[in-house]
Amino acid sequence: MPASKVLIIDYGSQYTQLIARRVREAGIFSEVLPCSAPEALILASGAKALILSGGPDNVGDADAPTLNPLLLSLKVPVLGICYGMQLLAHCLGGGLVNARDREYGPAELTVTGASPLWKTLLTDKPFTVWMSHGNRVTRIPEGFSAIARTPALDIAAMADEGKKLYALQFHPEVHHTQNGSRILQNFLFDIAGLTPDWTMSSFAEQAVREIRAKVGNDGVVLALSGGVDSTVAAVLLHRAIGDRLHCIFVDHGLLRLNEGEEVTALLKRHMPGLNLHHIRAESLFLDHLAGVDDPEQKRKIIGRTFIEIFEREARGIPGVRFLGQGTIYPDVIESHSAKGVVIKSHHNVGGLPEKMRLELVEPLRELFKDEVRALGRELGLPEEMILRQPFPGPGLAVRLLGPVNRERLDILRAADHAMQQELSARGWDRRVWQSFAVLLPLRTVGVMGDDRTYENVVALRVVDSIDAMTADWTRLPSEILAAVSSRIISEVHGVNRVVYDISSKPPSTIEWE
Ligand code: XMP
């Protein structure tokens, strides 16, 4: 266990895991605990510093989370962010007001007081920070001084240097905050005196320990898709519990051309000791999906059918009590929201039936995609597996708009295959985050030879991204677009038009459904 450990207390912000990620990037081990965590857990954590996250509530409201006094009694440096700052102010005798309008977006921060938090920053000019808050601190508690302001806030940051208590109204963890990582590192290294001693190999060791503690002597069935997430989860689980892990690869008939055979061959080659069950269930999925065109319905049906199959398979294996999944952090946040708005039900989170009989084990739940890839390398997986583009659990069903059937799937598979071949021949498949074809529920008029055609439209989606939370459309060279388009139109029966998607995320999403 690394000696330097930070406890992040979660008050419900969407950014909490981003804080954990920034701390990990600085080489410091961190653990996220809900603000309601039992005191014994806090005491046992051995944390050398605390970060209090943001959150959606109004400090002081009857049902709003409060600051557990135990946290301050640990006498370790504390950094409160947004709600965390307001909690510190409220509990230590400062004053707050509930602003009429929520301040959301960029703000120009001016440093007004010296602090080790600002070390090595150029503070003679304002810099941009990201705000997302309703309440604000209007009176600082005794012992604190205000150390930054913005045009809208007199107290945008405050510190009690003696007690090593620090608070920021803005979010240093988000990418849009200039100097954000530096500010967090100043807190971790200069203020808390931590030394970076956390690596991917320590994450792997920790994950293996946690899996063993949770699973005990029982068995796990893992949903293995061949994508990097579930493959890395499989390697970790296999390390932890050996042949009590049963990997189930479900070919739901929504895979890309030849994918089922290719993936299972790759898995057998690189992970020879693995229990691998290859289930062919195309007809079952297509029967359940017949006539359904609503995207959320499709996701829910696919999620349910997956789970039905896992449960059935698991029943045939003695001692299985857990369902393993390669769920990663972006799946978790986009399937949950403080206000109950679900962006998409990613099949491995939101689509789970309530009365599932298996318990979940999700060792990658806190990681972002690039971290999963780094972990895969650490665990010795070949680049061929690590560099596979993400592929959604519901597969081609969410890339085929309108009802799903074999005929349309075959058209989409052929178009997608032609596109992939053209891109990989030029090395572009590895330069982009994702590239795929989408079959639209439209037909348009064309002309082939002397004949009028009335056929399908295929959209090409190619995006660059770091973690799928945001994405930009890839500026593919026009000659490549031309090659892909003419290959699809000349080779794929039933398609007479190809368009290129030029939308970013947000406001669009990467997948069309
Ligand atoms: P969106 O479309 O939400 O996608 O911008 C973000 C990333 O997640 C992938 N994705 C999924 N992955 N199950 C998954 O395992 C799903 O249901 C799912 N839906 C989207 C998508 O391909 C992109 O990389």
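How each quantity is defined
Residues numbered from 1 in each chain as written. Predicted model: local features only at pLDDT ≥ 70, side-chain atom pairs only at ≥ 80, totals over all residues. Heavy atoms only, no water. Pairing = 2+ DSSP bridges. Helix = DSSP H or I, 4+ residues; strand = E, 2+ residues; numbered from the N terminus. Right-handed = clockwise from strand over helix to strand, strands pointing away. pLDDT = per-residue confidence, 0-100. Contact = heavy atoms within 4.5 Å. Polar contact = N/O pair within 3.5 Å; in protein donor to acceptor, adjacent residues only side chain to side chain. Buried < 20%, exposed > 50% of the residue type's maximum accessible area, 1.4 Å probe, protein only. Axes fitted to C-alpha atoms, helices over the stretch in contact; angles between N-to-C directions.

Colleague: What is the right way to read the pairing of strand β12 (residues 275–280) from this model?
Modeller: Along any regular strand, the residues point their side chains to alternate faces of the sheet. As paired elements, strand β11 (residues 245–251) and β12 share six bridges and run parallel to each other. Across the sheet, D251 pairs through a bridge with R280, a residue of β12. Note that the unit made of β11, helix α8 (residues 259–270) and β12 has a crossover that is right-handed.

Colleague: How do you make sense of the confidence of the model for the protein when you look at a structure like this?
Modeller: When the pLDDT values of the protein are averaged, the result is 91; 95% of them are 70 or greater. Here residues 336–345 is modelled with pLDDT under 50, and outside its nearest four sequence neighbours on either side it reaches 21 contacts, counting other chains as well. The model gives residues 349–355 a pLDDT under 50, and that stretch makes 17 contacts with residues more than four places away or in other chains.

Colleague: How should the environment of E511 be read in this particular structure?
Modeller: Checked against the element boundaries, E511 lands in the segment after β18 (495–500). On a C-alpha basis, the gap between E511 and P392 in space is 8.4 Å, while along the polypeptide they are 119 residues apart. A distance of 3.5 Å separates a polar atom in the side chain of E511 from a polar atom in the side chain of Q434.

Colleague: Honestly, the side chain of Q420 in this entry has me stumped. Any pointers?
Modeller: Of note, Q420 is situated in helix α14 (residues 406–425). Q420 sits in the buried class, given a relative accessible area of 19%. What Q420 contacts, discounting residues up to four positions off in sequence, is S435 and F436.

Colleague: Help me understand the sheet that holds strand β14 (residues 359–361), please; the structure alone is not making it clear to me.
Modeller: Spatially, five strands are ordered β12-β11-β10-β13-β14 in an open sheet, and the strand pairing comes out parallel. The sheet terminates laterally at β12 and β14, the two strands that pair on one side only. When strand polarity is set aside, the average angle formed by the axes of neighbouring strands in this sheet is 30 degrees. Here strand β13 (residues 320–324) pairs with β14 via three bridges, running parallel. In the strand pairing of β14, F322 is matched with E359. Across the sheet, helix α10 (residues 295–315) touches β10 (219–223), β11, β12 and β13, and the angle it forms with β11 is around 140 degrees.

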